[in-house]
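# An overview of the molecular structure
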Amino acid sequence: MPYKIFGCKVNKFYINQRLQHYKEQNNGLDTTLLIATCVVTDRAKSKRIKDAKKTLEQGQRVAITGCGTLEKGELISAERFFSIYPELRKFNKNIDLLPESPTKLWKGWTFTPLYTKNFVVIQNGCDNHCSFCLTVLKRGKHRSRSSEEIIEEIQFIESRGGKEVVLTGVNLAARGANNSRKTEESRFSQLLEEILQQTTIPRVRISSIGTEFVNDHFFELASDERILPHFHYSIQSFSDKVLQNMKRGYGAEKLKDTLRKTRRIQKKNPESISIGADIIVGFPGETEADFLETFECVQEFGITKLHAFPFSAHQRGEGVPASLYPNQISIEIKKDRNKRLIERGERIRDAFIQRNKGITHKVLIEEQKAEKRKGRTENYIQVELEGNYKKGEIIEYLL
Ligand code: SF4
């Protein structure tokens, strides 16, 4: 079954499930193009819809899933979906709108994962209301998976030769809290401890987390060599004014304190610690001075993996609170700030890779084409190499 995935690791997790499901069920949808949509920006929305339209114009069927087909965590109505994507309405007979998850999780499936690294969703939805976020309106209320289920899934992955799991979710570090705004209720670090104690998986990678959830227990556990030294934070801005307007619920000092503590995590090779960040530029009301606060902090804290994108006012069929804010920033200024930030991020990344040269790293082989192999070091540096290594193998590699 052909598929196209856009968006985050949560989408990849559910598409992996859905493809397993189809393989198991073989329910005749094989020729249908399966598309996982993302709504993080208007641009993201349009991208996959264009793919769908092209396929539909050739008379083929398309199954659409992901955030684009969700509303408050439930399957969106066809009428609502076509009001957001009117250009697809005339093809409605050839479109299947699919809910997020096909059926009960992986139990008993033959399970040939799509990826060498295994995405494990530990949490979904969110109760926060960041003023730029559409995801929260799509994926519904915050909910956590039980530790038992997560541990069982990781042990299952291990039993199938899996070497790395990537813990993911929508606001994943809120896992275990009754409400994602109650940061003190988070049981994220407790889950990390359970994974370290109850499984022997060699590599645990953590995807983007909110700094408001990381505590001393987390930093203690993070020194374990099985917790990979790449810590990615959902930061969005280093300007107090912008963070307040985003309704992030924390200030720049909390961010900086978390990054300082991350740099002090006890690892065999402290130089290997990589820090990643999600940043939005051009949020309504952001002045050049506000932007420069972020620009300077990215340098000061050595952000080695930057996901930066311009604020999206979401004009396509469904908006976010900040869409209505005064002082919207022009496209030109947004693009300029984003370009400057990404260029700075690339320079920091090049310097980080240079500092890791001459050091032996553990690389998980993720792809193999003929003689070529691709993989990632423990601190998220992509490498290409030659050799007869197998996908899923961890090798010692001198960078
Ligand atoms: S924490 Fe904010 S940005 Fe993240 S999913 Fe929740 S509302 Fe969206």
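Reading the values: rules and limits
Residues numbered from 1 in each chain as written. Predicted model: local features only at pLDDT ≥ 70, side-chain atom pairs only at ≥ 80, totals over all residues. Heavy atoms only, no water. Axes fitted to C-alpha atoms, helices over the stretch in contact; angles between N-to-C directions. Helix = DSSP H or I, 4+ residues; strand = E, 2+ residues; numbered from the N terminus. Parallel < 35°, antiparallel > 145°, perpendicular 65-115°, else oblique. Contact = heavy atoms within 4.5 Å. Nonpolar A, V, L, I, M, F, W, Y, C, P; charged D, E, K, R; others polar. Core = buried A, V, L, I, M, F, W, Y, C linked by side-chain atoms within 4.5 Å. Buried < 20%, exposed > 50% of the residue type's maximum accessible area, 1.4 Å probe, protein only. Near = heavy atom within 4 Å. Arc of directions from axis to C-beta. Salt bridge = Lys/Arg side-chain N within 4 Å of Asp/Glu carboxyl O. Domains from an automatic or database assignment. Patch = residues over 30% accessible without salt bridge, like charges linked within 9 Å, V, L, I, M, F, W, Y side chains within 5 Å. Areas by Shrake-Rupley, 256 points an atom, 1.4 Å probe, with all protein chains shown as cover. Lys, Arg positive; Asp, Glu negative; His and termini not counted. Charge placed at Lys NZ, Arg CZ, Asp CG, Glu CD. Expected span 1.5 Å × (residues − 1). Pairing = 2+ DSSP bridges.

### Side note on the packing of helix α10 (residues 288-300) against helix α11 (residues 331-355)
One can describe the packing of α10 onto α11 by two numbers: an axis separation of 10 Å at closest approach and a directional angle of 10 degrees. Here α10 is positioned roughly parallel relative to α11, judged by the angle of their axes. Residues Glu288, Phe291, Leu292, Phe295, Glu296, Val298 and Gln299 of α10 pack against Arg337, Arg340, Leu341, Arg344 and Ile348 of α11. Grouping the amino acids of the contact of α10 with α11 by side-chain chemistry returns six nonpolar, one polar and five charged.

### Quick look at the nonpolar core
In a soluble, globular protein the nonpolar side chains are often hidden away together inside. Counting residues in hydrophobic clusters, the biggest one holds 52 residues, and the most contacted among them are Leu167, Phe188, Phe218, Tyr233 and Ile279. Core analysis: the second largest hydrophobic core is formed by 20 residues, Ile49, Ile64, Cys67 and Val320 among them.

### Observations regarding unusual backbone geometry
Despite not being glycine, Lys247 has its phi angle at roughly 60 degrees, a positive value. In this structure, Lys247 sits in the loop between α8 (240-246) and α9 (252-263). Given the relative accessible area of 51%, Lys247 is considered exposed. For Tyr380, which is not glycine, the phi torsion reads 70 degrees and is therefore positive.

### Topic: the site of the ligand
Close to the ligand lie Cys126, Asn128, Cys130, Phe132, Cys133, Val136, Val170, Asn171 and Arg248. Here the shell around the ligand is composed, by residue class, of six nonpolar, two polar and one charged.

### Describing helix α6 (residues 188-198)
Among all positions of α6, only Phe188, Ser189, Leu191, Leu192, Ile195 and Leu196 are buried. Taken end-on, α6 shows its buried residues confined to a sector of 155 degrees, consistent with a single buried face. Summarising the contacts, the buried residues of α6 are in contact with α5 (147-159), β10 (164-168), β11 (203-206) and α7 (216-221).

### Here's the deal with the pattern of salt bridges
All told, the structure shown has 30 salt bridges when counted by the stated rule. A salt bridge links Arg139 to Glu100; the nearest nitrogen and oxygen atoms lie 1.7 Å apart. Of this pair, Arg139 sits in helix α4 (residues 135-139) while Glu100 sits in the loop between β6 (95-97) and β7 (117-121), placing them 39 residues apart in sequence. Taking the relative accessible area as the measure of exposure, Glu100 reaches 13% and is therefore buried.

### Regarding the domain arrangement of the protein chain
Looking at the protein chain, the domain boundaries give domain 1 (3-97), domain 2 (117-352) and domain 3 (360-398). With centres defined by C-alpha atoms, the gap from domain 1 to domain 3 works out at 32 Å.

### Details of a positive patch on the surface
A cluster of basic side chains, namely Arg43, Lys47, Lys50 and Lys335, defines a positive patch on the protein surface. With three residues, helix α2 (residues 42-57) is the single largest residue contributor to the positive patch. By the element assignment, Arg43 lies in helix α2.

### Side note on α10
Across its 13 residues, α10 extends 18 Å between first and last C-alpha, which sits within 8% of the 18 Å expected from 1.5 Å per residue. Residues of α10 that are buried include every one of Asp290, Phe291, Thr294, Phe295, Cys297 and Val298, and no others. One side of α10 holds all its buried residues, which, seen down the axis, span an arc of 165 degrees. Turned more than 90 degrees off the buried face of α10, the exposed positions are Ala289 and Glu300. The secondary structure elements touched by the buried residues of α10 are α8, α9, β13 (274-281), β14 (305-310) and α11.

### Quick notes on the sheet that holds β13
Strand order in the open sheet formed by three strands is β12-β13-β14, and the pairing between neighbours is parallel. For this open sheet the edge positions go to β12 (230-236) and β14, each flanked by a neighbour on one side alone. Across the sheet, the axes of successive neighbouring strands diverge by a mean angle of 10 degrees, strand direction being ignored. Bridge count for β13 against β14 is six bridges, and the pairing is parallel.

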